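Summary of the model geometry
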Amino acid sequence: MPDLDRARSGEHQTAPRAVVVVGASHAAVQFAESLRSNGFGGTVQLIGEELHQPYNRPSLSKAYLKGEVTVESLALRGSNWYTDHSIDLTLGERVVRIEHGKNGSGRVHTSKVHSGENEVSSYVYDRLILATGASPRKLNIAGTDADGVVELRSVDDAHSLRDRVASGPVVVIGGGFIGLEAAATIRSLGGTVTVLEAGPRLMGRAVGEATAAFILAAHRTMGVDVRLSTAPEAILTDDHGAVRGVRVAGNDIAASTVLIGVGVEPNIALAESLGLSCAAGIVVDHRGVTSEGTVLAIGDCTVQPHPGADLDLERSVRLESVDNAVEQAASAARVVAGEPDSVRAVPWFWSDQGDWKLQIAGLTGTHDAVVVRSDPDRPRRLVVGYFTSGRLSAAECVNAPADFLALRGALNNGTLVTPEEFADTSAPLKQLLKPQASRASATA
Ligand SMILES: Cc1cc2nc3c(=O)[nH]c(=O)nc-3n(C[C@H](O)[C@H](O)[C@H](O)COP(=O)(O)OP(=O)(O)OC[C@H]3O[C@@H](n4cnc5c(N)ncnc54)[C@H](O)[C@@H]3O)c2cc1C
């Protein structure tokens, strides 16, 4: 029987006593918590290369960048939580090598991040979990190593961006979630911001045209100078190697800070060293089991079957969201604890850009109809439904949290709504998306 099938059949699900998780962020912490709540009594070792206690990244481009919250308040769990749950947390060590045996056990070797690359420690395991996340994608133009060029993934990145905002105009390269969230925050601090997006619309990989156009207008209202179909040619520096601008189509835009936000690359080097199947991410099954069958992988580093829907099971996706990290971690913990599988809810995502709240549920891509539900009396709200063969398959909402909750519930319950009903703003969505029986009694 291939390893993956053995793992599915449960052969590997018994009696691991020592679990090592590489990475110590959203996915890793949730995994540890779920493992304990599933009754796992063995040792759980999280190893993270960052020095801070595991923290909440979404705040980095929002409240933390604004200076509204402290680094301590970003912690995912209080420091007592780790000791209270007997979870060993090692920070500031990078896993640099793994010796992996055929029966699923092995040893990881680490180096201290801030004292060179020599191996300093090793940790034995009989179950290995990779929760290595992703790193900002590099941009291949001149000047990216200049003083004043920043990225935004870690608390240290956010700190340096925050320190620079008052020093002059910022150019954000990339009109995706991170760049747009940061741009809106910088505007709210009174900064001057230009966003350069190489594609014809914002958030091209993540939202449809109506939502992208709506968010574009929102940014322009906030005073962000957004330029679409505009790729930077070079980052310009002064005589001291500091940023002074960005060259675009032969023109120079003045800047003292350049934020590069052109997406992330999954951290797959360790997985590749183990011979795990990787394809723009570590390939896992619906519960986080890798091609090798004993090692699991969770969070931003993975590519998985389209979750939570029976519409497009053949499609593989890499999801970069807290919801995904949490859900995959919970599934992987059930595998390790020998608990049965459970059904996964539709994936969802949020992005706060200034006072514009974007929320997305389900995945687009297979839809054959898009229905926009907008209300001229409420111009700051937008609701977009995606339909596949007449069934609601995904939704995007801006500043409509109650509608979003109703839509997410409907996607999870398979509640039927026709595109015509969806478009009709005379009926509240909450009413429309009630389970069928209660709808019938409400309209009787
Ligand atoms: C600025 C920002 C804003 C965001 N906003 C939102 C949002 O609004 N909504 C949302 O849903 N999501 C948001 N996200 C995405 C969300 O934070 C990620 O999806 C989530 O952090 C993924 O968790 P993870 O544990 O898989 O990976 P990560 O959080 O990337 O953690 C992986 C950890 O592993 C460590 N690591 C990697 N390799 C090694 C190694 N060899 N040894 C030791 N440690 C290692 C890394 O240093 C890192 O700390 C945002 C992300 C950022 C950066």
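Residues numbered from 1 in each chain as written. Predicted model: local features only at pLDDT ≥ 70, side-chain atom pairs only at ≥ 80, totals over all residues. Heavy atoms only, no water.

A few words on the overall build of the protein. Counting secondary structure elements, the protein contains 13 helices and 26 strands. Against the 2.2 N^0.38 benchmark of 22 Å for 444 residues, the protein shows a C-alpha radius of gyration of 23 Å, consistent with a compact globule. By its C-alpha atoms, the protein is 75 × 60 × 40 Å across when sized along the principal axes. Taking all 444 residues of the protein together, 51% fall into the buried category. Contacts in the protein between residues far apart in sequence, at least 24 positions, make up 60% of those at least 6 positions apart. Only carbon and sulfur atoms are counted for the fraction: they give 50% of the accessible area of the protein, which is about 19,300 Å². Treating the 41 positive side-chain charges of the protein as one cloud and the 52 negative ones as another, the clouds have centres 3 Å apart. (Helix = DSSP H or I, 4+ residues; strand = E, 2+ residues; numbered from the N terminus. Rg over C-alpha atoms; globule rule 2.2 N^0.38 Å. Buried < 20%, exposed > 50% of the residue type's maximum accessible area, 1.4 Å probe, protein only. Contact = heavy atoms within 4.5 Å. Areas by Shrake-Rupley, 256 points an atom, 1.4 Å probe, with all protein chains shown as cover. Lys, Arg positive; Asp, Glu negative; His and termini not counted. Charge placed at Lys NZ, Arg CZ, Asp CG, Glu CD.)

With that settled, the discussion passes to helix 9 (residues 322-337). Across its 16 residues, helix 9 extends 22 Å between first and last C-alpha, which sits within 8% of the 22 Å expected from 1.5 Å per residue. Of all 16 residues in helix 9, 12 are buried; the element is thus mostly enclosed. Within helix 9, burial applies to D323, N324, A325, Q328, A329, A330, S331, A332, A333, R334, V335 and V336. Tucked into the core, helix 9 has its buried residues touching strand 1 (18-22), helix 2 (26-37), strand 7 (127-130), strand 19 (296-297), strand 20 (302-305) and strand 22 (348-353). Remark: G338 follows helix 9 within two positions and exhibits a positive phi of approximately 75°. (Expected span 1.5 Å × (residues − 1).)

With that out of the way, let us pick up the sheet that holds strand 3 (residues 87-91). With respect to topology, 5 strands assemble into an open sheet ordered 3-2-1-7-19, the strand pairing being parallel. Strands at the two margins of the open sheet, each flanked by one partner only, are strand 3 and strand 19. Alignment of strand 1 against strand 2 (residues 43-48), held across 5 bridges, turns out to be parallel. Across the sheet, A18 pairs through a bridge with T43, a residue of strand 2. Where helix 2 meets the sheet, its contacts fall on strand 1, strand 2, strand 3 and strand 7, and the angle it forms with strand 2 comes to roughly 175°. (Pairing = 2+ DSSP bridges. Axes fitted to C-alpha atoms, helices over the stretch in contact; angles between N-to-C directions.)

Reading across the sheet, the 3 strands line up as 18-20-21 and stay open at both edges, with mixed pairing between neighbours. The open sheet terminates on both sides in strands that have one partner only, identified here as strand 18 (282-283) and strand 21 (316-317). Sheet topology note: the strand 18/strand 20 ladder contains 2 bridges and is parallel. Each bridged residue has a counterpart across the sheet, and for V283 the counterpart in strand 20 is V303.

Not every positive phi belongs to a glycine, and S86 is a case in point at roughly 50°. One can find S86 in the loop between helix 4 (79-84) and strand 3. Notably, A249 is not glycine yet its phi reads approximately 45°, a positive angle. Residue position: A249 is located in the loop between strand 14 (243-248) and strand 15 (251-254). Judged by its relative accessible area of 61%, A249 falls in the exposed class.

What you see with strand 22 is a clean split: F349, S351 and Q353 sit on the buried side and W348, W350 and D352 on the side with no burial. Looking at chain direction, strand 22 and strand 23 (residues 356-362) are connected through 6 bridges and run antiparallel. The residue bridging S351 from the neighbouring strand is L358, located in strand 23. The hairpin formed by strand 22 and strand 23 contains 2 residues between the paired strands, and G354 there has a positive phi angle of roughly 60°.

Attention now goes to the pattern of salt bridges. Counted under the stated rule, the structure contains 17 salt bridges. The partner of D225 in a salt bridge is R227, and the shortest N-O contact between them spans 2.9 Å. Taking the relative accessible area as the measure of exposure, D225 reaches 30% and is therefore partly exposed. On the basis of relative accessible area, R227 is assigned to the partly exposed category, the value being 31%. Salt-bridge contacts for R287 lead to D285; the nearest nitrogen and oxygen are separated by 3.6 Å. For R287, a relative accessible area of 6% translates into the label buried. (Salt bridge = Lys/Arg side-chain N within 4 Å of Asp/Glu carboxyl O.)

Moving on, we get to the nonpolar core. For soluble globular proteins, nonpolar side chains are generally found buried alongside one another. Residues L60 and M203 are the most contacted members of the largest nonpolar core, which totals 42 residues. The next biggest cluster of nonpolar side chains, apart from the first, holds 27 residues, and it includes L76, A131, A325 and V335. (Core = buried A, V, L, I, M, F, W, Y, C linked by side-chain atoms within 4.5 Å.)

A few words now on the site of the ligand. The local shell around the ligand holds 34 residues, among which S25, E49, E50, R57 and K62 are the closest. Interatomic distance of 2.8 Å between a side-chain N/O atom of D300 and an oxygen atom of the ligand. Between V322 and the ligand, the recorded distance is 3.0 Å, taken from a backbone N or O atom to an oxygen atom. In isolation the ligand offers 990 Å² of accessible surface; the protein chains occlude 95% of this area. Mapped by element, the contributors of at least two residues to the shell around the ligand are helix 2, strand 2, strand 4 (93-100), helix 6 (177-188), helix 9 and strand 22. Ranked by residue count, the leading element in the shell around the ligand is strand 4, at 3 residues. Here the shell around the ligand is built from residues that sort into 15 nonpolar, 9 polar and 10 charged. (Near = heavy atom within 4 Å. Polar contact = N/O pair within 3.5 Å; in protein donor to acceptor, adjacent residues only side chain to side chain. Nonpolar A, V, L, I, M, F, W, Y, C, P; charged D, E, K, R; others polar.)

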